[in-house]
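If you want the building blocks of each chain, they are given just below.
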Amino acid sequence: MKPVRKRAACRRRLRFEGWIAGLGTSSGTRVVLGHWQRSPFGAFSDVMLERADGERLLLAPTWETADFIGATYVFDTVRVVPVRVGVVEHTWTVTSGSLELRFVTGRRGPAGLLLRAVPGALARRPAWSALTDAPARLLLPGVRTRGSARAGRREWYGARDLRPVRLVSAFFEGVDLGVPAPVAPPVRFGFGSVPRKPALTRVTTTVVLGPE
């Protein structure tokens, strides 16, 4: 008789390490940049946008990354286009298709200093993300560090740094998106949003796939 495997044994665990920037604009468009230095797909970046009318768009550099992200989060439109990110000191420049984005980060506050003290090995543990979920919800409304994604997937976020974003310049499809603004209403790509105040967060994201 063939042994029955436990359900957990059927799940794959994928890890992404990098940065997430969450930005609001006075036009109502909110932008979330994922800049992944290490991932199962190698180094890559992607951009999620939610327009003022609620349309959710994904800009991803390859069909492979687009398929994975699109299977994990919810979008109305997916575009496969190059996503180029340049970082010079505190200035980030992003170009992707018809998106031109530039933002400048400021000095860390108390939360950023505290997160920098979190060891990388600890931030990678789902148990740590589960422990920090309640404090994150209290201190950063809309933010969650664990939850359910599409296709039976589970996610955990372990933050390791937090910097405020002070300046933003953004154009999409030739339209100026306006001055920096809170990320409001929260974005609706997955189970949680980014901080309401524009910010850049260093994070380890763990995605556990559903049973095959």
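Since we're looking at a predicted model, the values are computed, not measured.

Caption draft 1: Structural context of the overall build of the protein chain. Within the protein chain, the secondary structure is distributed over 4 helices and 13 strands. Taking 212 residues into account, the globule formula puts the C-alpha radius of gyration at 17 Å, and the protein chain, at 17 Å, falls close to it. If one aligns the C-alpha atoms of the protein chain with their principal axes, the spans along those axes are about 65 × 40 × 30 Å. Across the 212 residues that make up the protein chain, the buried fraction comes to 47%. If you take every contact in the protein chain between residues at least 6 apart in sequence, the share linking residues at least 24 apart comes to 60%. By element, 57% of the accessible surface of the protein chain is carried by carbon and sulfur atoms, the whole surface being about 11200 Å². Measuring between centres, the 33 positive side-chain charges of the protein chain sit 11 Å from its 16 negative side-chain charges.

Caption draft 2: Highlighting the side chain of Arg160. In this fold, Arg160 is placed in strand β10 (residues 154-172). Despite its burial, Arg160 remains without a salt bridge, the nearest opposite charge being carried by Glu17 at 4.9 Å. If sequence neighbours within four positions are ignored, Arg160 has contacts with Leu115, Arg116, Val118, Pro119, Gly120, Ala123, Arg202 and Thr204.

Caption draft 3: Main features of the side chain of Arg30. Locating Arg30 in the fold gives a position in strand β2 (residues 30-38). Among the polar contacts made by the side chain of Arg30, one reaches the main-chain carbonyl oxygen of Arg51 at a distance of 3.3 Å. Dropping the residues within four chain positions of it, Arg30 is found in contact with Leu23, Gly24, Met48, Leu49, Glu50, Arg51, Ala52, Val183, Ala184, Pro185, Pro186 and Val187.

Caption draft 4: Structural context of the pairing of strand β1 (residues 13-25). A large share of β1 lies buried, amounting to 11 of its 13 residues. Bridging between β1 and strand β13 (residues 199-208) involves 10 bridges; their strand directions are antiparallel. Along β13, the bridge assignment pairs Phe16 with Thr205. The pairing of β1 with β2 spans 8 bridges and is antiparallel. Across the sheet, residue Gly18 finds its bridge partner in β2, namely Trp36. Hairpin remark: β1 followed by β2, antiparallel, with 4 residues in the connecting loop; positive phi at Gly28, about 100 degrees.

Caption draft 5: Looking closely at the pattern of salt bridges. In this structure the tally under the stated criterion is 9 salt bridges. We note a salt bridge from Arg30 to Glu50, for which the minimum N-O separation is 3.4 Å. With Arg30 in strand β2 and Glu50 in strand β3 (residues 44-50), the pair connects residues that are 20 residues apart, well separated along the chain. A single network of salt bridges, built from pairs that share partners, joins Arg51, Glu55, Arg79 and Glu173.

Caption draft 6: Looking closely at helix α4 (residues 126-139). Here α4 contains 14 residues, and its C-alpha end-to-end distance of 20 Å stays within 8% of the 20 Å for a straight helix at 1.5 Å per residue. What α4 keeps buried is the set Pro126, Ser129, Asp133 and Ala136. Where α4 is buried, its residues contact β1, α3 (120-123), β9 (146-148) and β10.

Reading the values: rules and limits
Sequence order sets the numbering: in each chain, residues are counted from 1 along the sequence as written. Under the rules for a predicted model, residues below a pLDDT of 70 receive no local features and side-chain atom pairs below 80 are neither given nor counted, while totals for whole chains, interfaces and linings still include all residues. Computation of side-chain values: all heavy atoms of the structure, hydrogens and water removed. Put simply, DSSP H or I for four residues or longer makes a helix, DSSP E for two residues or longer makes a strand, and each gets a number counted from the N terminus. Radius of gyration: C-alpha atoms only; globule rule: 2.2 Å multiplied by the number of residues to the exponent 0.38. Relative accessibility under 20% of the residue-type maximum defines a buried residue, over 50% an exposed one, and the middle range a partly exposed one, all with a 1.4 Å probe and only protein chains included. Contacts are assigned to residue pairs that have any heavy atoms within 4.5 Å of one another. Calculation of accessible area relied on Shrake-Rupley with a 1.4 Å probe; when residues are assessed, cover is drawn exclusively from the protein chains displayed. Neither His nor the chain termini are counted; the positive set is Lys and Arg, and the negative set is Asp and Glu. Where a charge lies is defined by one atom per residue type: Lys uses NZ, Arg uses CZ, Asp uses CG and Glu uses CD. We define a salt bridge as a contact between a side-chain nitrogen of Lys or Arg and a carboxyl oxygen of Asp or Glu at a distance within 4 Å. Distance and chemistry together define a polar contact, namely a pair of N or O atoms within 3.5 Å, with one atom able to donate a hydrogen and the other to accept it when in protein, and with adjacent residues in sequence counting only for side-chain atoms on both sides. Think of it this way: DSSP has to see at least two bridges between two strands before they count as a pair. How far a helix is expected to stretch is found by multiplying one less than its residue total by 1.5 Å.

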